[in-house]
Amino acid sequence: MQASLAAAGAGGVWLVSSDIKLDYTTLTGATVSKWSSTPTLFVLRFVGEQPEVQQAIALEAAGKNAEAKVALENYMRRVGGPAAAHGVAFYAGVVASKVGDLAFMERMYDAIGNSHLDNLQVLYNWGLVKLYVKKPQEAVIHLERASAMAKDDLSVQINLADAYAGALQKAKARSIVERLSKLYPQDPNVARKLKEFAN
């Protein structure tokens, strides 16, 4: 399973993958990116002026992810929960994944996901957490939606293949990996998945 999350980084840059960056400060207007193409861009509009969020950013940058998660939880309690702070809930889910709190991560994406069915970052992370908590049928739903927006993205496609395999749809998993082997012939993850799904 690829562990690449759509994530928030210190300094206000949302790291979507190793080669795509989206500066959240540009999301206040009508900015459209490869990863988010609709008016729901506000999901990533970061509430950076709030003290708890600033504290969480500093703590995460210092490698203190558990403390960062607590700061984000405090903020969300103060504002009424993840439904009242989608961008912070998204970020909190990412931080929770770093400390292995998959139940918390799942709650964050379950709370905001249905409001952002056209947002690749949300769908991808929501699908990943469902894969992590061994709910492959739910992972398939979210990752199929993400796949429709990123047909050639290696992380999305490999994780969709894993979700299909977990949902006992090996032919679909194999089909994805065979297509990826043509797009990424040198990628070791693709080669490994080809062997895994050969039978």
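Residues numbered from 1 in each chain as written. Predicted model: local features only at pLDDT ≥ 70, side-chain atom pairs only at ≥ 80, totals over all residues. Heavy atoms only, no water.

Chemist: Is there a simple way to think about the nonpolar core in this case?
Modeler: By size, the foremost hydrophobic cluster in this structure holds 52 residues, and its most contacted members are Leu72, Met76, Val88 and Tyr109. Of all the elements, helix 5 (residues 120-132) adds the most residues to this core, at 9 residues. (Core = buried A, V, L, I, M, F, W, Y, C linked by side-chain atoms within 4.5 Å. Buried < 20%, exposed > 50% of the residue type's maximum accessible area, 1.4 Å probe, protein only. Helix = DSSP H or I, 4+ residues; strand = E, 2+ residues; numbered from the N terminus.)

Chemist: What should I look at first to understand the side chain of Asn119 in this one?
Modeler: Topologically, Asn119 is positioned in the loop between helix 4 (102-112) and helix 5. Take Asn119: its relative accessible area is 0%, and that puts it in the buried class. Among the polar contacts made by the side chain of Asn119, one reaches the main-chain amide nitrogen of Gln121 at a distance of 3.0 Å. At 3.2 Å, the side chain of Asn119 and the backbone nitrogen of Val122 are in polar contact. (Polar contact = N/O pair within 3.5 Å; in protein donor to acceptor, adjacent residues only side chain to side chain.)

Chemist: Help me understand the packing of helix 1 (residues 51-61) against helix 3 (residues 86-98), please; the structure alone is not making it clear to me.
Modeler: The angle between the axes and the distance between the axes are what describe a pair of packed helices. Orientation of helix 1 relative to helix 3, taken along the N-to-C sense of each, is 30°, at an axis distance of 12 Å. As summarised for this structure, helix 1 and helix 3 are arranged roughly parallel, according to the angle between their axes. Pair helix 1 / helix 3 crosses with left-handed handedness. In contact with Val53, Ala56, Ile57 and Glu60 of helix 1, helix 3 contributes Val88, Tyr91, Val95 and Lys98. Taken together, the residues of the contact of helix 1 with helix 3 sort by class into 6 nonpolar, no polar and 2 charged. (Axes fitted to C-alpha atoms, helices over the stretch in contact; angles between N-to-C directions. Parallel < 35°, antiparallel > 145°, perpendicular 65-115°, else oblique. Left-handed = near helix turned anticlockwise from the far one by under 90°. Contact = heavy atoms within 4.5 Å. Nonpolar A, V, L, I, M, F, W, Y, C, P; charged D, E, K, R; others polar.)

Chemist: Mind showing me how you'd approach the packing of aromatic side chains here?
Modeler: Each aromatic ring pair is summarised here by two numbers: the centre-to-centre distance and the angle between the ring planes. Taken as a whole and judged by the stated rule, the model has 1 aromatic pair. Aromatic side chains Phe90 and Tyr109 sit 5.8 Å apart centroid to centroid with 90° between the ring planes, which places their arrangement in the edge-to-face category. Linking Phe90 in helix 3 with Tyr109 in helix 4, this pair joins segments that are 19 residues apart in sequence. Just as Phe90 is buried, Tyr109 falls in that class too. In this structure, Lys69 packs its charged tip against the face of Phe104, placed 4.6 Å from the ring centre. (Phe/Tyr/Trp six-rings, centres within 6.5 Å; stacked < 30°, edge-to-face > 60°. Lys NZ or Arg CZ within 6 Å of the ring centre and 35° of its normal.)

Chemist: Sorry, what's going on with unusual backbone geometry here?
Modeler: Most peptide bonds are trans, and most residues other than glycine sit at a negative phi. Located in the positive-phi region is Lys134, a residue other than glycine, with phi close to 65°. Secondary-structure assignment places Lys134 in the loop between helix 5 and helix 6 (136-149). Phi at Leu168 is positive, roughly 60°, even though this residue is not glycine. Examined against the element boundaries, Leu168 turns out to sit in the loop between helix 7 (154-166) and helix 8 (170-183). Residue classification places Leu168 among the exposed positions, given a relative accessible area of 76%.

Chemist: Explain the pattern of salt bridges to me, please; I cannot follow it from the model alone.
Modeler: When the charged atoms of two side chains with opposite charge come close together, those side chains can pair. Within this structure, the stated rule accounts for 11 salt bridges. The salt bridge partner of Glu60 is Lys98, with a shortest N-O separation of 2.3 Å. Separated by 38 residues along the polypeptide, Glu60 in helix 1 and Lys98 in helix 3 bring together distant segments of the chain. By relative accessible area, Lys98 is classed as partly exposed at 44%. Lys130 serves as the salt-bridge partner of Glu138, at 3.0 Å between the closest nitrogen and oxygen. With a relative accessible area of 33%, Glu138 lands in the partly exposed category. (Salt bridge = Lys/Arg side-chain N within 4 Å of Asp/Glu carboxyl O.)

The values reported here are purely geometric and, on their own, carry no functional implication.
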